[in-house]
Each structure stands twice: as C-alpha cells, then as structure tokens.
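As a plain string of letters, each chain reads:
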Amino acid sequence: MTIRVVVADDQELVRSGFAMILDAQEDIEVVAEVGDGAAAVEAVARHAPDVALLDIRMPVLDGIEACRTITARGACRTVMLTTFDSDEYVYEALHAGASGFLLKDVRRDDLVHAVRVVAAGESLLAPSVARRLIEEYTAATARPSVPALAADRLEVLTARERETLLHLGRGLSNAEIAAALVVSEHTVKSHVGNVLAKLGLRDRIQAVICAYETGMIAAGAGAAPTGAGAGAGAGAPSGVSPSGE
C-alpha cells in the first residue's frame, strides 16, 4: 500500500527537499507541496492523504491551527516540523492532535521512518519522552487555555484498566507493565486498547496527557526507572504503537 503525503512548509527548499526524499521511496507518494497552513488544510481535503507534514510557523494559518483543523476533519495524521527545539511547540502540537514532532534537521532515514510509523497508526514520541514533556507541561500553572480533565472521566475504566493507565502515564513499556501486573504482554495490549477506546484517546501520548490532567499522576511524581520505555538513540524519533507495541 502506498502512503500518501502532503508536505507543508513556507521555505521552498525545505519543502522540496523533504518531498524529494519521500518520493524516492517505493511505498511513499507526495501528493501535494504547499507553502502555508491554509493551503495545507485545502490540500488534505482535496487529496485525502495518510500523513501531513506541517511546519509550525507558516503564513496565513500556522501549523498548529492547520493540524487542529486537519485532525478534527478526518483520518489524516499529522507530523509537526520545526527548527525550534522548544517544549512549548511540542505541547501545543500534541493538544492540537499531532501524532509526532520532528526538527527540520532530522536525518533522511528518520524522516522516512517517521512517515511510515505515523501512517501505521503509531506515534513518534517514546513513552519516557512523552512523560517528561507532559510532566513539565502540567506543572506549569500559566496555561489556562488547556482545561484539566475531570477525574470522573476515569469511572468507565475497570480497576485493572486504571492500573494500566497509571503505568502508561509513568512511561512504562508493555513488557514493564506486564511485569508489574504479573500478566502477559498480550493481556497488557488488550488493557491498553480498552483504555484508549473507553476514553476516546488516539494513542499512548494522549493516554499520558490524560493520566496527568485527570490527576491520576501528580506533576513531578511517578517517574519510571531510568531507561523505562526509552525509545531509539538520542536525536532519533521512536515509534510508539497506539496498542502499546
């Protein structure tokens, strides 16, 4: 199956460079290249791609707002691109519905990998990275634009599913959750799937956000052991399956 991609960046050389790299892959086709967020939204509506690569800072409509519109309208998944290594952009992108976040100096192979991971329904942040970002985010009191989730939202979960969400929020991998609950990894995958479905969450990243924003885990607490849930080597994005693989 061919992965259809829209590339949106206001810098033509960057945009064409990414498109050239992706188009060179047998399983990827760039269906549109655009230079602003509004054009990105229009291109996604016209071409129905699997993945949209969106620059954070674009004219007419910025990447965050474009991401929010795209994810609200359909099944296209988004990866945010920026030259700015700032947690603030990660937070905003995650809440807008992004499935990943890459710096523009990403390596060629990692860019291709990112598109394939997201197209497969996965996320680009390892659990440990997501935990660190969201912990810092929820600890910042000056963010009134993102209201806290009601704790009673978790009442739909069974006791074991709550335990699973707690461990997800701490950044544990499936193997580590299985060891903690003394069950098989297959059972953990089922629990993770149930948590996501019952809470209407897209992936593990949103599960981490939910665990913190409902107060299940207090900011600054609940960190996993060093290395738990760690992804690929430094600087390389890692795939995190929505089902917890």
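What counts as what
- Residues numbered from 1 in each chain as written.
- Predicted model: local features only at pLDDT ≥ 70, side-chain atom pairs only at ≥ 80, totals over all residues.
- Heavy atoms only, no water.
- Helix = DSSP H or I, 4+ residues; strand = E, 2+ residues; numbered from the N terminus.
- Buried < 20%, exposed > 50% of the residue type's maximum accessible area, 1.4 Å probe, protein only.
- Pairing = 2+ DSSP bridges.
- Right-handed = clockwise from strand over helix to strand, strands pointing away.

Considering the environment of Glu155
- Tracing the chain through its elements places Glu155 in the loop between α6 (127–139) and α7 (159–169).
- Looking at Glu155, the relative accessible area reads 60%, which means it is exposed.
- Residues Glu155 and Lys198, spaced 43 residues apart in sequence, show a C-alpha to C-alpha distance of 9.9 Å.

Remarks on the pairing of strand β4 (residues 77–82)
- Extensive coverage of β4 is indicated by the burial of 6 of its 6 residues.
- A two-sided burial pattern is seen for β4, the buried positions comprising Arg77, Val79 and Leu81 on one face and Thr78, Met80 and Thr82 on the other.
- Pairing between strand β3 (residues 51–55) and β4: 5 bridges, direction parallel. Paired with Leu53 across the two strands is Val79, which belongs to β4.
- Chirality of the crossover, the property in question, places the unit of β3, helix α3 (residues 63–73) and β4 among those that are right-handed.

As for unusual backbone geometry
- Even without being glycine, Ala48 reaches a positive phi, approximately 50 degrees.
- Within the fold, Ala48 resides in the loop between α2 (37–47) and β3.
- A positive phi is found at Val182, a non-glycine position, where the angle reads about 55 degrees.
- Its relative accessible area of 72% is what places Val182 among the exposed residues.

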